[in-house]
Each structure stands twice: as structure tokens, then as C-alpha cells.
Amino acid sequence: MELTRRNALGLLVSGGVAAATTALMGKDLTLLEEQAMPQTPTLPAFAPKPLPFDPTKLKGISEKLIASHHDNNYGGAVKNLNGVRNELAKATPDTPAFLVGGLRAKELVYANSMTLHEAYFGNLGGNGKADGSIAKAIASTWGSLGAWEQGLKVLGMSLAGGSGWAILDLHLPTGDLRLSWAGDHSQTLAAGLPLLVMDMYEHAYQMDYGAAAAKYIEAFFQNINWDEVNHRYERAQKALLVLKG
Ligand SMILES: [Fe+2]
């Protein structure tokens, strides 16, 4: 690299005082060049969260299935998210747009997969008995808990045999409770806070039920942790208050 007054001044401005001074004296130009290159930032890595319940205690969902789901599908998403983020950190204006676009698309898939899987595991491990403020809000919105339950089951079955998520969201722009369909990790409701998440990817039930998705959905409902759903609803209410200012 040819040292000029201009790039030496640039190094001084950017904090490379010692390197610039040394280089101006005709020494250690290699070191100067290395310090002038943009540095790839070090990103904090996400770590998988452990299952928040005893995997031997679920009703109708085996320990083998839930452990495989957690370790392979969720754990794989976290690992891939870290890898994609590290690759994106290396992107420069010279990186082809199709590479950046492909990495950003995968980043969204893995990030949403991580978030939704954590919400899914987090709303399992309960007794399945709906209660609290969320139960009242659901009944008020759908007319009855039963009507809402039927709606979520029908939504889940619309994804049976394929892949995706069935979600009860709080929609932040309106404050409404909504059921949302997500045919893939990257198709979740914009500005929706997930309160209850049901994984409808086949890996969530195939090991225990084969293609009988309806039986898995019944088992899912028996294990819903409504305390956690209530906790999320209360936090969502606080978020709404902040947004309303
Ligand atoms: Fe999953």
C-alpha cells in the first residue's frame, strides 16, 4: 500500500496514531495496511435455551420426540442463525447482492425459527386448563373459549402434512387478539406478539403420531402452560400502553 499524506491523516483521525506515525517514518507498512482494513465485528452468539419443563412429564408427547425437536430442529436453527450472522458481518459493498439477499433471507428464517420454537416450548408443560385474564380476553373476542379452541384446531389442521405455525397473537397496531397462519418461519404476522404458539411442522408430531396431526393437536392442548400465556398477555398489555404513549 502506498502511503500518502491523505491516508496517513485518515489513520490519525480514525485513531491509528501509532501506526500512522510509524508508517510515516517508513517502517512497518504491512502493519499499517492491516490496520487500515475494515475489521469484521465480533457478534455475540445466541445459545439454545434448555427445555423449561420436564420432558418426561408431557401428556401424549414423548420424551424422545420433544428432546429430538429441541436439540435438532431448534438447536439447529440457533446454530445456523449464528453462522449466517457471522457471514453477513463480512459483507462489503463489493459482496454480490444475491449473496447478501440469500443470507438475509436465511437469517430471517433461522431467527424466527428460534423465536417461535422458544415460544412453543415455553407454552408447553402446563395442565391445559385455560384460566386468567387471557382466558377472559379470548372468550370476549371469540364468544367463548370453545369457539376459539375450535378455530385454533382448524387453523392447525390447515397446516397438517406440511410445515408452519398456528399462533395466537396480540396485534400491536390494533390491540386485537388474532389467530395467525404462518406457512413458514418467515411468514409470521407483522407486529404480532405471539402469545400461544403451536408448531405444525411434521417434526413436531411425526415420531409419535405419524401423519395423524389431529391427535397431536389434542395432545398439544392438554399440555398448554396457561400461566405462561397469561404472563405473555400481561406483558403485551404493557407494551400496548407504551405504544399508545
Ligand atoms: Fe419445530
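Scroll up to find the structure this text is about.
Below or above, wherever it landed, is the structure these notes cover. (Residues numbered from 1 in each chain as written. Predicted model: local features only at pLDDT ≥ 70, side-chain atom pairs only at ≥ 80, totals over all residues. Heavy atoms only, no water.)

## Things to note about the pattern of salt bridges
On inspection of all chains with the given rule, the structure shows seven salt bridges. The partner of Lys153 in a salt bridge is Glu149, and the shortest N-O contact between them spans 2.8 Å. Taken together, the residues Lys153 and Glu149, both in helix H7 (residues 145–157) and four residues apart, mark about one turn of the helix. Judged by relative accessible area, which is 30%, Glu149 ranks as partly exposed. The closest approach of N and O atoms between Glu228 and Arg232, which form a salt bridge, is 2.9 Å. Here the residue Glu228 and the residue Arg232 both occupy positions in helix H10 (residues 226–244), the gap between them amounting to four residues, near one helical turn. (Salt bridge = Lys/Arg side-chain N within 4 Å of Asp/Glu carboxyl O. Helix = DSSP H or I, 4+ residues; strand = E, 2+ residues; numbered from the N terminus. Buried < 20%, exposed > 50% of the residue type's maximum accessible area, 1.4 Å probe, protein only.)

## Observations regarding the sheet that holds strand E1 (residues 165–171)
Ordered by their spatial adjacency, three strands build an open sheet running E2-E1-E3, and the pairing between neighbours is antiparallel. At either margin of the open sheet sits one strand with a lone partner, and together these are strand E2 (176–182) and strand E3 (192–199). Here the average twist between neighbouring strands, direction ignored, is 25 degrees. (Pairing = 2+ DSSP bridges. Axes fitted to C-alpha atoms, helices over the stretch in contact; angles between N-to-C directions.)

## Remarks on the packing of helix H4 (residues 63–89) against helix H5 (residues 97–122)
For the pair H4 and H5, the least separation of the axes is 8 Å and the interaxial angle reads 145 degrees. The handedness of the crossing between H4 and H5 comes out as left-handed. Of the residues belonging to the contact of H4 with H5, the class tally is 14 nonpolar, six polar and six charged. (Left-handed = near helix turned anticlockwise from the far one by under 90°. Nonpolar A, V, L, I, M, F, W, Y, C, P; charged D, E, K, R; others polar.)

## Examining the coordination of the iron ion
Coordination sphere of the iron ion, protein contribution only: His69 (NE2), His117 (NE2), Asp199 (OD) and His203 (NE2), at 1.9 to 2.1 Å. In this structure His69 comes out as buried when scored by relative accessible area, which is 1%. (Donors = N, O, S within 2.8 Å, 3.2 Å for Na, K, Ca; no water.)

## Some points on the pairing of E2
Relative to E2, E1 runs antiparallel, the two sharing seven bridges. Looking across to E2, one finds that Ala166 is bridged to Trp181. Between E1 and E2, which follow one another and run antiparallel, lie four residues, and Gly175 among them has a positive phi close to 80 degrees.

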